[in-house]
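In case you want the letters, here they are:
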There are 2 protein chains.
Amino acid sequence: MTNGFRVIKSSIYSRARVGELTTNHGVIETPVFMPVGTQATVKGLTPDQVKATGAQIILSNTYHLMLRPGVDLIRSFGGLHQFMNWNGPILTDSGGFQVFSLSAMRKINQGGVTFKSHIDGSAHVMTPESVVDLQLGFNSDIMMPLDICTPYPATEEQTAQDMARTIEWELAAYRHWKENQSGQLLFAIVQGGTYPHLRKACANALTEVGFPGYAIGGVSVGEPIESIRSVIEAVSPMLPDVAPRYVMGLGLPENLRHAISHGIDMFDCVIPTRLARHGQFFVEAGRRVNIRNRQFFDDLRPLDMDCDCLACCQFSRAYIRHLMVAGEMLGATLLSIHNIRFLVRLVDEIRAELKSK
Amino acid sequence: MTNGFRVIKSSIYSRARVGELTTNHGVIETPVFMPVGTQATVKGLTPDQVKATGAQIILSNTYHLMLRPGVDLIRSFGGLHQFMNWNGPILTDSGGFQVFSLSAMRKINQGGVTFKSHIDGSAHVMTPESVVDLQLGFNSDIMMPLDICTPYPATEEQTAQDMARTIEWELAAYRHWKENQSGQLLFAIVQGGTYPHLRKACANALTEVGFPGYAIGGVSVGEPIESIRSVIEAVSPMLPDVAPRYVMGLGLPENLRHAISHGIDMFDCVIPTRLARHGQFFVEAGRRVNIRNRQFFDDLRPLDMDCDCLACCQFSRAYIRHLMVAGEMLGATLLSIHNIRFLVRLVDEIRAELKSK
């Protein structure tokens with residue numbers, strides 16, 4: 001079976017659809033939520049625990065992995081799957097976002113970006129081609145091209161300039177990827193900030209080429225939720241129905257529902273594990289509550305009565321609260337398992353609904 | 001079957017023996033290494049992961065649990081097993097050691113000890129009877145009596161005085177335990193520091209009563225290893241063959257072998273998890289090495305070629321080094337699993353040897 005996407009069913013009530021994305025490491029049913037393992041580990045979880053949440057695919061990050069431990073080591077394992085012992089699909093982000101949010105002394109030029117590592121200050125270069133090469137080395141199933149993630153807010157002029165350069169880089173990445181076919185899929189990233197005509201111009205330039213998938217980038221960077229939703233509503237129809245659509249950095253339950261109804265197929269976010277480390281967990285309707293609250297001191301119930309995750313099947317709110325209050329690392333692990341399972345289950349349920357009607 | 005100990009086989013080459021200790025939550029094969037879960041969690045591991053190391057019994061701590069989350073909460077669960085979801089045997093230490101090492105403003109009197117919590121400075125009292133009551137509330141399978149753990153070094157006078165009070169407290173604990181029979185076993189703790197005649201006096205007074213088991217306390221408190229070994233060699237023969245012998249706080253492989261050959265049946269130590277959090281792991285012959293060493297950067301082998309733990313079956317030294325260097329909590333979890341499994345397996349192997357000849 002050729003790697004790529006096919007729509008299984010489209011809703012007659014909204015733009016939502018169910019699909020299958022075939023990769024080198026298996027088939028992903030969409031819509032799908034993808035937990036993040038930035039440094040080749042979903043924080044605090046073994047791969048078995050990640051698998052048990054029902055996660056079909058995880059994310060990792062080119063910027064972080066190129067700096068530490070470096071692509072050569074990962075290549076010596078045969079790729080990221082063997083390195084971290086995850087045998088399902090992996091998507092690697094290009095690191096464009098991280099270069100602009102974490103590193104120091106960035107300099108953009110025609111060919112790419114030079115920057116200093118946030119870890120040790122060492123100098124590095126990323127070009128559209130080198131970022132593809134890194135991901136070929138990681139052997140990730142879905143690769144993302146180098147892009148410029150314009151911050152929010154930004155002027156129209158700045159946004160247009162970043163967008164134009166991003167298109168150049170993505171076309172260069174595409175050519176380089178085409179010359180190095182390996183079954184790995186290269187997605188495009190649509191930039192253009194909050195300016196619909198810039199989004200349109202970017203989408204047009206990229207869809208003309210025909211990438212295996214399209215991401216909406218530059219959202220969830222600090223702008224209000226209404227703005228994120230407007231961008232999704234505007235950009236999704238600009239993208240071909242035959243390719244998967246991926247909104248980067250989206251993870252709150254209310255946002256997933258909205259995006260799916262507007263034709264989005266894929267999501268990733270650090271939020272389930274980050275919230276967990278701060279004691280927060282999801283309950284019904286996607287509300288977030290903090291386990292440290294005094295009311296949970298003697299609460300013998302599970303985190304969420306409807307949840308089937310390891311944390312909810314084996315432990316009480318009172319016990320997990322005790323762990324967090326006592327500074328025990330198992331607390332964050334259990335809350336992470338629950339939060340990831342919550343989002344995976346939410347998307348599973350939406351997918352099942354879409355299938356059934 | 002009545003709870004208690006029976007010797008299955010005694011070595012003809014040393015004082016070592018194989019035994020079975022029956023408790024409310026199952027039978028423990030001895031010799032046995034017991035991982036420590038001070039705050040009702042073996043740091044960084046789920047109970048399933050602890051079980052998978054082959055651990056038969058875990059330790060928890062009365063001092064820590066009485067302060068946080070308190071006995072009432074744990075009692076409301078029906079005990080510690082349900083609270084932390086560990087269905088095997090649990091031994092709770094009395095907290096005598098912690099009162100003297102962690103708390104502030106200790107005052108000892110005839111009836112017990114008053115102290116201030118190291119967490120919030122609140123005032124508390126421990127008496128021989130209250131410490132039994134706490135452990136009845138925890139429903140631990142093996143309870144330890146309140147004792148005074150004399151620091152090292154200590155004068156003979158101080159040691160004798162502490163020892164005399166410890167005996168009084170232990171006899172009071174015994175009477176209180178007898179009045180509240182529940183199948184939980186109460187062990188005695190032999191104190192007396194590095195003074196053989198004080199150890200002898202203490203052992204005599206306690207063995208006369210007939211406890212279900214005997215611990216050697218006050219070792220591993222900073223004295224040289226030769227001194228620990230001398231105490232074990234001296235005290236073990238003072239204890240009845242029909243009861244299990246437990247050396248508190250012992251966990252290095254070389255010390256376990258020695259103690260078992262001198263008739264010791266049970267051990268506990270925080271060392272496997274504490275070493276792990278500092279990046280250290282056990283290799284052949286019980287040597288400790290640090291995973292952060294540069295030599296492991298590109299080492300594709302498991303932590304220990306002979307080990308069957310989750311960490312060794314699924315991950316490489318290079319990957320676990322990456323986790324530790326990157327500050328990822330999964331690193332400490334994997335090293336903890338390995339270190340516990342290493343000690344459990346070591347004791348399993350010694351037990352198998354003893355059985356076979």
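Residues numbered from 1 in each chain as written. Chains lettered and ligands numbered in written order. Predicted model: local features only at pLDDT ≥ 70, side-chain atom pairs only at ≥ 80, totals over all residues. Heavy atoms only, no water.

## Quick word on the overall build of chain A
Scanning chain A from terminus to terminus reveals 14 helices and 16 strands. For chain A, the C-alpha radius of gyration of 20 Å lies close to 21 Å, the compact-globule estimate for 357 residues. When its C-alpha atoms are laid out on the principal axes, chain A stretches across 60 × 50 × 45 Å. The buried share of chain A, reckoned over its 357 residues, is 59%. If you take every contact in chain A between residues at least 6 apart in sequence, the share linking residues at least 24 apart comes to 66%. Working note: accessible area of chain A is about 13,100 Å², and carbon and sulfur atoms make up 52% of it. For chain A, the separation between the mean place of its 33 positive charges and that of its 34 negative charges on side chains is 3 Å. (Helix = DSSP H or I, 4+ residues; strand = E, 2+ residues; numbered from the N terminus. Rg over C-alpha atoms; globule rule 2.2 N^0.38 Å. Buried < 20%, exposed > 50% of the residue type's maximum accessible area, 1.4 Å probe, protein only. Contact = heavy atoms within 4.5 Å. Areas by Shrake-Rupley, 256 points an atom, 1.4 Å probe, with all protein chains shown as cover. Lys, Arg positive; Asp, Glu negative; His and termini not counted. Charge placed at Lys NZ, Arg CZ, Asp CG, Glu CD.)

## Some points on the sheet that holds strand β7 (residues 104-109) of chain A
All names here are of chain A. Within the open sheet, the three strands sit side by side as β7-β8-β9. Their pairing is antiparallel. Pairing within the sheet leaves two strands with one partner each, and these edge strands are β7 and β9 (123-126). Taking the axes of each pair of neighbouring strands and ignoring which way they run, one obtains an average angle of 15 degrees across the sheet. On top of the sheet, helix α7 (residues 156-178) reaches β7 and β8 (112-116); it is set at about 75 degrees to β7, its chief contact. (Pairing = 2+ DSSP bridges. Axes fitted to C-alpha atoms, helices over the stretch in contact; angles between N-to-C directions.)

## So, the pattern of salt bridges
Residue and element names in this part refer to chain B. One pass over the structure, following the stated rule, counts 33 salt bridges over all chains. For Glu284, the salt bridge is made with Arg287, and the minimal N-O distance between the two is 2.9 Å. For Glu284, a relative accessible area of 43% translates into the label partly exposed. Relative accessible area serves as the criterion here: at 44%, Arg287 is assigned to the partly exposed category. (Salt bridge = Lys/Arg side-chain N within 4 Å of Asp/Glu carboxyl O.)

## Points about the interface of chain B and chain A
You'll often see interface size given as the accessible area lost when the parts meet. Each partner contributes to the interface: chain B provides 36 residues, whereas chain A provides 36 residues. A per-residue breakdown of the area chain B buries against chain A is headed by His322(B), Glu328(B) and Met329(B), which together make up 19% of the total. Residue Lys43(A) pairs with Glu328(B) through a salt bridge whose shortest N-O separation is 2.6 Å. Between chain B and chain A we count 14 residue pairs in polar contact (both at pLDDT 80 or more) in total. For the side of chain B that touches chain A, the secondary-structure elements that each account for two or more residues are α1 (47-52), α3 (71-76), α4 (80-84), α12 (310-314), α13 (317-325) and α14 (329-356) of chain B. In terms of residue count, α13(B) provides more of the side of chain B that touches chain A than any other element does, five residues in total. (Buried area = accessible area lost by both parts, 1.4 Å probe. Polar contact = N/O pair within 3.5 Å; in protein donor to acceptor, adjacent residues only side chain to side chain.)

## A few points about unusual backbone geometry
Omega for the peptide link from Thr30(A) to Pro31(A) comes to 0 degrees, which places this bond in the cis form. Notably, Ala285(A) is not glycine yet its phi reads approximately 65 degrees, a positive angle. With respect to the helices and strands, the residue Ala285(A) is situated in the loop between β15 (280-282) and β16 (288-290). Residue classification places Ala285(A) among the exposed residues on the basis of a relative accessible area of 76%. Even without being glycine, Ser220(B) reaches a positive phi, approximately 60 degrees.

## Points about the environment of Leu256(A)
Residue position: Leu256(A) is located in helix α10 (residues 253-261). As a C-alpha pair, Leu256(A) and Val32(A) span 224 residues in sequence and 9.7 Å in three-dimensional space.

## What to know about helix α13 (residues 317-325) of chain A
The buried fraction of α13(A) is high, at eight of nine residues. All buried positions along α13(A) are accounted for by Arg317(A), Ala318(A), Tyr319(A), Ile320(A), Arg321(A), His322(A), Leu323(A) and Met324(A). In this structure, the buried residues of α13(A) make contact with α11 (271-277), β15, α12 (310-314) and α14 (329-356) of chain A together with α3 and α4 of chain B. Once α13(A) ends, the next one or two residues include Gly327(A), with phi positive near 70 degrees.

## Some remarks on the relation of the copies chain B and chain A
Turning chain B through 180 degrees and shifting it by 0.0 Å along the axis lays it on chain A, with an RMSD of 0.0 Å. Viewed as a symmetry operation, the transformation between the two copies matches a two-fold axis. For chain B, the smallest separation between a C-alpha atom and the rotation axis is recorded for Met329(B), amounting to 4.0 Å. A shared binding surface is used by both copies, with 100% of the interface residues of chain B retained as interface residues in chain A. (Least-squares fit on C-alpha atoms with pLDDT ≥ 70 in both.)

## Topic: the sheet that holds strand β9 (residues 123-126) of chain B
All names here are of chain B. With antiparallel pairing, three strands are arranged side by side in an open sheet as β7-β8-β9. Of all the strands in the sheet, just β7 (104-109) and β9 have a single pairing partner and so form its edges. Sheet twist, expressed as the average angle between the axes of neighbouring strands with direction ignored, equals 15 degrees. The strands touched by helix α7 (residues 156-178) are β7 and β8 (112-116); relative to β7, the strand with the most contacts, the crossing angle is about 75 degrees.

## Brief notes about the packing of aromatic side chains
Per the stated rule, a full pass over the model turns up 18 aromatic pairs over all chains. Look at Phe77(A) and Phe83(A): their rings are 5.1 Å apart centre to centre, the planes differ by 70 degrees, and that puts the pair in the edge-to-face class. The residues Phe77(A) and Phe83(A) share a single accessibility class, namely buried. Through pairs of rings, three or more aromatic residues link up here, namely Phe77(A), Phe83(A), Phe315(B) and Tyr319(B). It is Lys51(B) that lies over the ring of Trp86(B); its NZ or CZ is 4.2 Å from the centre. One residue, Arg294(B), lies across the ring of Phe297(B), its end atom 4.6 Å from the ring centre. (Phe/Tyr/Trp six-rings, centres within 6.5 Å; stacked < 30°, edge-to-face > 60°. Lys NZ or Arg CZ within 6 Å of the ring centre and 35° of its normal.)

## Notes on the nonpolar core
Within the largest apolar cluster, 196 residues are counted, with the highest numbers of intra-cluster contacts made by Leu80(A), Met126(A), Leu80(B) and Met126(B). Look past the residues within four positions of Leu80(B) in its chain and what remains in contact with it is Ala40(B), Ser60(B), Leu65(B), Ile74(B), Asn85(B), Ile90(B), Thr92(B) and Phe138(B). (Core = buried A, V, L, I, M, F, W, Y, C linked by side-chain atoms within 4.5 Å.)

## Considerations on the environment of Leu186(A)
Residues and elements named next belong to chain A. If you trace the backbone, Leu186 turns up in strand β11 (residues 185-190). With relative accessibility at 0%, the residue Leu186 sits in the buried group. Once the C-alpha coordinates of Leu186 and Met143 are considered, the two residues, 43 residues apart in sequence, prove to be 4.8 Å apart. For Leu186, the contacting residues outside a window of four places in its chain are Met143, Met144, Pro145, Ala173, Tyr174, Trp177, Phe211, Pro212 and Gly213.

## Observations concerning the pairing of strand β5 (residues 58-61) of chain B
Residues and elements named next belong to chain B. Residues Ile58 and Ser60 of β5 are buried on one face, and the alternating residues Leu59 and Asn61, pointing to the opposite face, are buried as well. Across four bridges, the pairing between β5 and strand β6 (residues 90-93) is parallel. Bridged to Ile58 within β6 is Ile90.

## Side note on the packing of helix α6 (residues 128-138) of chain A against α7(A)
All names here are of chain A. Running from amino to carboxyl end, α6 crosses α7 at an angle of 45 degrees, the nearest separation of the two axes being 8 Å. On the basis of the axis angle, α6 is oblique to α7. Viewed along their axes, α6 and α7 form a crossing whose handedness is right-handed. Contact residues: α6 offers Pro128, Glu129, Val132 and Asp133, while α7 offers Trp169, Ala172, Ala173, His176 and Trp177. A breakdown of the residues in the contact of α6 with α7 according to their chemical character gives six nonpolar, one polar and two charged. (Parallel < 35°, antiparallel > 145°, perpendicular 65-115°, else oblique. Left-handed = near helix turned anticlockwise from the far one by under 90°. Nonpolar A, V, L, I, M, F, W, Y, C, P; charged D, E, K, R; others polar.)

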